[in-house]
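Here's the letter readout for the chains.
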Amino acid sequence: MSKKSRRERTASSSSDATEVGSPLHDHRRFVPAALLALLSFGYLLVYFQAPLPVYRQEPADRLTVLFTILGNFTSVLATWADLLVDPLPFFTQRTPVLLAAIAILVSATLVGRFLLTRIGLPAILSRLEMFVLSAALGMAAVSLWTFAIGFAGLLHYPLLIVAPLLLMAAWGAFDWYRQHRLSRVEASTSEPIPWPWIAAAAPIVICTLLGGMMPPYEYDVLEYHLRLPTEWLASGRIAVESYNAYSGLPMGAEMFALLPMTLWPSDQAWFCGALVGKTLISMFAPLTALAAYCAARRIAGSYAGQIAAIVVVGTPWIVFVAVYGLVDGVWAFYTLATILVAILWFQAKRSSEAESAAPLPRLALLCGLMAGMATACKYPALPLLVMPLAVWISLEGGRLNFKSAIAFTIGVTLLFAPWLIKNVVYTGNPVYPLAGSVFADSIRTPEQIAQWRAAHRVPTDASGHSVTPTLLLNGLKKVAYASDWTNVALTPLALAALAVFSLARWWPRSFPKDESDGSLADAAVWRLALYAVYYFAVWWLFTHRYDRFLIPLAPVVALIAGYGAARFRAAGWRVVCNSITAAGLVFCFFWINWQNSFLAPTFYFTDYRLLKEANAGPDVPLLAALVPPDHCAIVEGKADVFYMQTPIHYHTCFDSSPLVWLKDKTAAERKEILRARKVSHVYVNWSEIARFRSPGNYGFAKLVTPEFFAELVAQNVLQPVAPPPSDDENQPSAAWGQFYEVIP
């Protein structure tokens, strides 16, 4: 190496001193943060111009809605005073539900601890990772075992479900105690707890759990997510029901409601068990945030984990599905748990230490179990998660990872295959009600198969094209800002992360030389970004582009956002990232506590009986009053029948009507059929049928028409009957549908 002359050294030193001391150089250090702030401000201008759905009103732009909230926020907060006015219903009714949900979650976590210890992974996991993955694996085991008992027709023997699970939970508790005594790790090296972020996120988490304890009122939840478990509870067996096409879907998350239904000691087990299951589903929202922290921390450190977790908490979509009782949040959690384990596998494979590479097949097995549970919640997880992860694990490093690929496949099969077997047994189609043109089934007609396919096809424009630049632009807008309940912080931070990755890849001098090597983080984020692009492409090209199918993508993008916030160290960078993330929390709290929003905060502390009556509507008690004991009713046009515990024959819009029994029959034959089936009344909701038959909707059974009912009345098979007067002043007097009595 040649030595510099004294003149060169002096000139160089003088130049460096001038540059460091230059005010211009000091200002340049803030340029990246200023650009991010400017980008975020521009994004806010676009974000607030997008329309937001308004309850029972025309959509309004977000800025108008925000000013409406701010102008009336005192009244929004005043609704919380219900807890002070009459706290008794809240504590006496919600406490048993919450305690039951906590007991199931804790027991499941211990079961997961037992299973992880048997797999041999605790040594490579942090305490928080151990908790998150124990909860994930334990809840998956609870779901699978509940399904197995139900599929065997033994749901009326709850001890068969509980005893093995409690035994594994006890063993898992012993494992935890033994490992806790032997381990003295992390006592002095543990990272500081981010209490400010926890305090900022707490109000949204509390709202999520309070909303989760509310009785269900969303249509899909009332139609099948919680209705089908009540039917399986009554019959004692999990089966595919010919009148409800959704019973063929994988329902791993719905097992969280079926289990407490089998255990609740009263005739209200169907209702209380559903509340416990719905509360458990809401708990997956904070669990998703913890999983995001663990995954992002593995990529880029603790600060990345904090940002990713808070972005997840501040995503209204995740609160939305958690409060409604929809299973998309459970799907999102298991998607992120799969990604977390895949990152652990990836880092172990990239490690030069032989002991780090030893658990690769075991990590791949756990990754497959997480992906299998995601698919046991929703069919779309198969192309959106299982397939790309299988390719990644099989081909990472440019060669076939045979053992890991086999282990991953085994994990997926263990959790997903049982649901396929159930469908084969009952219908002959393993993915019923999908692929009806590929697999023949014993339930549906060709017209019904075509109806399902038309309802779930890729949307088209007015010219009938499904793939156009305009439609693609609309899809990108939906992902970026136009989706109703997206997090305002997600897109700016994700775009910043892509810029940071580009700098790290093509201009590494932008990063301090004393910074630890970030190549592993860059490699992981590059793969996550590729997965996000793949996810969007499959969603846009092959699904019906439903917003809720994008929810599992949001936590994955949050990991990328956390990486971007932590990877770059420019002056003021973290201040801007913190501000954007905090803004996401603030706006999320506004949206979910708006009186006209989906969350309905006035119901947090309301008596369950009042909510139950309000959600059921007036026709449920009226029909119950009409139908005599040991008889049943036919229900047409109403499939959201969770609260309708009167014995009924109903169907969804995709299934055959029970009235098909009466088709092409004489009056005498029709009377005999109804008498043999003990049908005393028929209920029909014409407005709902008209909604299903409206342009662009799903359609409805062609047999059910006013003309057919007029024919039944003319034959003296049915006669219109006025509903009985209601003694409850809280129930509206006007019925929503029409009642008919079967003439003996």
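Throughout what follows, the structure given in this document is the object of discussion.

This part takes up the sheet that holds strand β3 (residues 632-636). What links the strands of a sheet is backbone hydrogen bonding, and the strands pair in either a parallel or an antiparallel sense. Within the open sheet, the 5 strands sit side by side as β4-β3-β5-β7-β6. Their pairing is mixed. Looking at the sheet topology across the chains shown, the edges are occupied by β4 (648-649) and β6 (718-720). Bridging between β3 and strand β5 (residues 679-684) involves 5 bridges; their strand directions are parallel. Paired with Val-635 across the strands is Tyr-683, a residue of β5.

In this model, helix α26 (residues 553-567) (15 residues) spans 21 Å end to end at C-alpha, consistent with the 21 Å of a helix rising 1.5 Å per residue. Taken across its 15 residues, α26 has 15 buried, putting it largely inside the fold.

The next point concerns a nonpolar patch on the surface. A surface patch of nonpolar side chains, about 680 Å² in accessible area, is lined by Val-391, Leu-395, Leu-400, Phe-402, Ile-406, Ile-410 and Leu-414. Sorting the residues of the nonpolar patch by element identifies α20 (381-395) and α21 (402-426) as the ones contributing at least two each. The greatest single-element share of the nonpolar patch, amounting to 4 residues, is contributed by α21. Along the chain, Phe-402 falls in helix α21. Judged by relative accessible area, Phe-402 falls into the exposed class, the value being 55%.

On to the packing of helix α24 (residues 490-506) against α26. Across the interface, α24 lies against α26 with an axial gap of 7 Å and an inter-helix angle of 55°. The angle between α24 and α26 falls in the class oblique. As for the relative orientation of α24 and α26, their crossing is left-handed in sense. For the pair α24 and α26, contact is made by Leu-490, Leu-493, Ala-494, Ala-497, Val-500, Phe-501 and Ala-504 and by Ala-554, Val-557, Ala-558, Ile-560, Ala-561, Tyr-563, Gly-564 and Arg-567, respectively.

Another point: unusual backbone geometry. In this chain, Tyr-432 is followed by Pro-433 through a cis amide linkage whose omega measures 5°. Structurally, the position occupied by Pro-433 is in the loop between α21 and α22 (446-455). Backbone geometry places Ala-435, a non-glycine residue, at a positive phi of 50°. The exposure class assigned to Ala-435 is partly exposed, which follows from its relative accessible area of 31%. Unusually for a residue other than glycine, Arg-545 sits at a positive phi of about 55°. Structurally, Arg-545 can be placed in the loop between α25 (519-542) and α26. Its relative accessible area of 9% is what places Arg-545 among the buried residues.

Conventions adopted
Residues numbered from 1 in each chain as written. Predicted model: local features only at pLDDT ≥ 70, side-chain atom pairs only at ≥ 80, totals over all residues. Heavy atoms only, no water. Pairing = 2+ DSSP bridges. Helix = DSSP H or I, 4+ residues; strand = E, 2+ residues; numbered from the N terminus. Expected span 1.5 Å × (residues − 1). Buried < 20%, exposed > 50% of the residue type's maximum accessible area, 1.4 Å probe, protein only. Patch = residues over 30% accessible without salt bridge, like charges linked within 9 Å, V, L, I, M, F, W, Y side chains within 5 Å. Areas by Shrake-Rupley, 256 points an atom, 1.4 Å probe, with all protein chains shown as cover. Salt bridge = Lys/Arg side-chain N within 4 Å of Asp/Glu carboxyl O. Axes fitted to C-alpha atoms, helices over the stretch in contact; angles between N-to-C directions. Parallel < 35°, antiparallel > 145°, perpendicular 65-115°, else oblique. Left-handed = near helix turned anticlockwise from the far one by under 90°. Contact = heavy atoms within 4.5 Å.

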